[in-house]
Amino acid sequence: MSDKKVRVRFAPSPTGGLHLGGVRTVLYNYLFAKKHGGDFIVRIEDTDQTRFVPGAEDYIFECLKWAGLEPDESVQHGGNYGPYRQSERKELYRNYADQLVAEGHAYYAFDTPEELDQMRQQYKTDENPAPQYDQKVRMQMRNSLTLDGDTVHELMHSDTPYVIRIKMPENETVSFNDMIRGEVSFNTSVVDDKVLLKADGMPTYHLAVVVDDHLMEISHAFRGEEWLPSAPVHVLLWKYLFGEDKMPQWAHFPLILGPNGKLSKRDGAKYGFPVFAMNWKDPKSDELTEGFKEKGFLPEAFINLLAVLGWNDGTEQELFSIEEMIDKFSMDRVHSAAPNSIMKKRNGSTRSGSKNWMHRL
Ligand code: GLU
């Protein structure tokens, strides 16, 4: 490990109930921070205002409190690297996006929703049913790569909505070392030109996560493997903005699976077990989803079962106190394969990391 102070973060988008996979990400972050005398930060990633759900942010903090996984820094806990809510950091991101354009790594795009739709229709084939805005089509679109400078200037100063997109390089290999998976490589030709700054001036997740991990001096970025396909974009942004040597060390945790892919709320309802940490009532539909807390789990038991869904200490031990977990936790004992679903275990197939705990409910 480098001598950089360990600073890790959990970066939820406050959009609904806290899935047990999310709490496991919190737990592994927390254990790693405590083991290495570091800081555990919670950053609220709320740049997508269309997905704003009232109450979701407070609910996340209540869940963490119940689970005993209190952050050192957050919206609620304060700290020297705030604000810890991205919507309050809006003004910070624009300069970085403009810098990327000035250096040729990004461009302004003026395409209307109708034009984007037309592009998708035009390039749709059986092999490619959902064409993306990428290096194959970008030169056919309305952006600062195809329009002349005067037109771009005029559009930008006449209230025409535009976004800033990353210009993915052609046929380059982007690699990084994942603490769980080892070396991971991507070819840039298969990655689309993601939007970095939206028409409302808000950054997208891709820009904000890199800028904030830098400004908050995050040393290790741990998250679920659903973010692995975005990693090449993040690695390139690190390279362009701050230097790859400054990049945090990455780890992508395997998903917790249900019978049909990622364990879902629907699986929980169908098989009668919780998927959220605590009861969550959807403010729009009033639908109530039961949580582990209300189902009668003790927080220590909940944490224990999450710890061993994807990690073990190399022995047969399955019950750990939080102090023991902090003492024994190491990333090289986190599995790279997804823990088998609870239901599969029920049906008696192989276990990974945990006994058939649902039977004991
Ligand atoms: N905001 C992302 C989420 O909702 C965070 C991903 C990351 O940790 O980089 O999961």
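Anything mentioned here points back to the structure above.
Residues numbered from 1 in each chain as written. Predicted model: local features only at pLDDT ≥ 70, side-chain atom pairs only at ≥ 80, totals over all residues. Heavy atoms only, no water.

Draft legend 1. Structural detail: the overall build of the protein chain. The helix and strand tally for the protein chain stands at 12 helices and 13 strands. Against the globule reference of 21 Å for 361 residues, the protein chain gives a C-alpha radius of gyration of 22 Å, in line with a compact fold. Summarising its shape, the C-alpha atoms of the protein chain cover approximately 70 × 45 × 40 Å along the three principal directions. Counting only residues that meet the buried cut, the protein chain has 51% of its 361 residues in that class. Pairs at least 24 residues apart make up 70% of the contacts formed inside the protein chain by residues separated by at least 6 positions. Surface summary for the protein chain: the accessible area is close to 16900 Å², and the carbon and sulfur share equals 48%. Charge centroids of the protein chain, computed over 43 positive and 54 negative side chains, lie 6 Å from each other. (Helix = DSSP H or I, 4+ residues; strand = E, 2+ residues; numbered from the N terminus. Rg over C-alpha atoms; globule rule 2.2 N^0.38 Å. Buried < 20%, exposed > 50% of the residue type's maximum accessible area, 1.4 Å probe, protein only. Contact = heavy atoms within 4.5 Å. Areas by Shrake-Rupley, 256 points an atom, 1.4 Å probe, with all protein chains shown as cover. Lys, Arg positive; Asp, Glu negative; His and termini not counted. Charge placed at Lys NZ, Arg CZ, Asp CG, Glu CD.)

Draft legend 2. Layout of the site of the ligand. Neighbouring the ligand are Arg9, Ala11, Ser13, Glu45, Tyr205, Val209, Arg223 and Trp227. Between the ligand and Ala11 there is a distance of 2.8 Å, counted from a nitrogen atom to a backbone nitrogen or oxygen. Within the contact set of the ligand, a nitrogen atom lies 2.6 Å away from a side-chain nitrogen or oxygen of Glu45. In the complex, 84% of the free accessible area of the ligand, which totals 300 Å², lies under the protein chains. Here the shell around the ligand is built from residues that sort into four nonpolar, one polar and three charged. (Near = heavy atom within 4 Å. Polar contact = N/O pair within 3.5 Å; in protein donor to acceptor, adjacent residues only side chain to side chain. Nonpolar A, V, L, I, M, F, W, Y, C, P; charged D, E, K, R; others polar.)

Draft legend 3. Representation of the pattern of salt bridges. Scanning all chains against the criterion turns up 22 salt bridges. One salt bridge in this structure joins Lys34 and Asp72, with 3.3 Å as the shortest N-O distance. Here the residue Lys34 occupies a position in helix α1 (residues 20-35), and Asp72 occupies one in the loop between α2 (56-67) and α3 (90-102), the gap between them amounting to 38 residues. With a relative accessible area of 29%, Lys34 lands in the partly exposed category. (Salt bridge = Lys/Arg side-chain N within 4 Å of Asp/Glu carboxyl O.)

Draft legend 4. Geometry of the sheet that holds strand β3 (residues 106-109). Taken together, the three strands give an open sheet; going across it, the order is β3-β4-β7, and neighbouring strands pair in antiparallel fashion. Edge positions in the sheet fall to β3 and β7 (195-197), since each has one partner strand and no second. Shown here is a sheet whose adjacent strand axes are inclined to one another by a mean of 40 degrees, direction ignored. Note that β3 and strand β4 (residues 163-166) share four bridges and pair antiparallel. Paired with Tyr108 across the two strands is Ile164, which belongs to β4. (Pairing = 2+ DSSP bridges. Axes fitted to C-alpha atoms, helices over the stretch in contact; angles between N-to-C directions.)

Draft legend 5. The packing of aromatic side chains, seen in detail. Scanning the entire structure with this criterion turns up 18 aromatic pairs. Judged by centre distance (4.9 Å) and plane angle (80 degrees), the ring pair of Phe292 and Phe297 falls under edge-to-face. Neither residue differs from the other here; Phe292 and Phe297 are each classed as buried. Ring centres 4.6 Å apart and planes at 35 degrees place the aromatic pair Phe292 and Phe302 in the tilted group. A residue pair is termed long-range when its members are at least 10 positions apart, and Phe292 in helix α9 (residues 292-295) and Phe302 in helix α10 (residues 299-308) qualify at 10 residues. What makes Phe292 buried here is its relative accessible area of 0%. Members of the aromatic cluster, connected to one another through ring pairs, are Tyr28, Phe32, Phe222, Phe253, Trp311, Phe320 and Phe329. The lysine or arginine in question, Arg7, covers the ring of Tyr81, its NZ or CZ lying 3.8 Å from the ring centre. (Phe/Tyr/Trp six-rings, centres within 6.5 Å; stacked < 30°, edge-to-face > 60°. Lys NZ or Arg CZ within 6 Å of the ring centre and 35° of its normal.)

Draft legend 6. Representation of the side chain of Arg89. Note on placement: Arg89 falls in the loop between α2 and α3. Classification of Arg89 by relative accessible area gives buried; the value is 4%. Engagement of the side chain of Arg89 in a polar contact is seen with the backbone oxygen of Tyr81, the distance being 3.5 Å. When near neighbours in sequence (up to four residues on either side) are disregarded, Arg89 contacts Tyr81, Gly82, Pro83, Asp212, Leu215 and Met216.

Draft legend 7. Structural context of unusual backbone geometry. Cis rather than trans, the peptide bond between Gly82 and Pro83 has omega equal to -10 degrees. With respect to the helices, strands and loops of the structure, Pro83 is situated in the loop between α2 and α3. Phi is positive for Asp159, which is not a glycine, with a value near 60 degrees.

Draft legend 8. Just α10, in detail. Most of α10 is tucked away: eight of the 10 residues are buried. Its buried side turned inward, α10 meets α1, α2, α9 and α11 (322-328).

Draft legend 9. Inspection of the pairing of strand β9 (residues 249-253) at higher detail. Most of β9 sits inside the fold, with four of its five residues counted as buried. Here strand β8 (residues 220-224) pairs with β9 via five bridges, running parallel. The partner of Gly224 across the bridge, within β9, is Phe253. Taking the sense of rotation as the criterion, the β-α-β connection linking β8, helix α7 (residues 231-241) and β9 turns out right-handed. (Right-handed = clockwise from strand over helix to strand, strands pointing away.)

Draft legend 10. Up close: the packing of helix α6 (residues 205-215) against α7. It is at 10 Å that the axes of α6 and α7 come closest, and there the two elements cross at 50 degrees. Here α7 runs oblique to α6, going by the angle between their axes. Handedness of the α6/α7 crossing: right-handed. Listed contacts from α7 to Tyr205, His206, Leu207, Val209, Val210, Val211, Asp213 and His214 of α6 are Val233, His234, Leu237, Trp238 and Leu241. (Parallel < 35°, antiparallel > 145°, perpendicular 65-115°, else oblique. Left-handed = near helix turned anticlockwise from the far one by under 90°.)

Any link to function would need more than the numbers given here.
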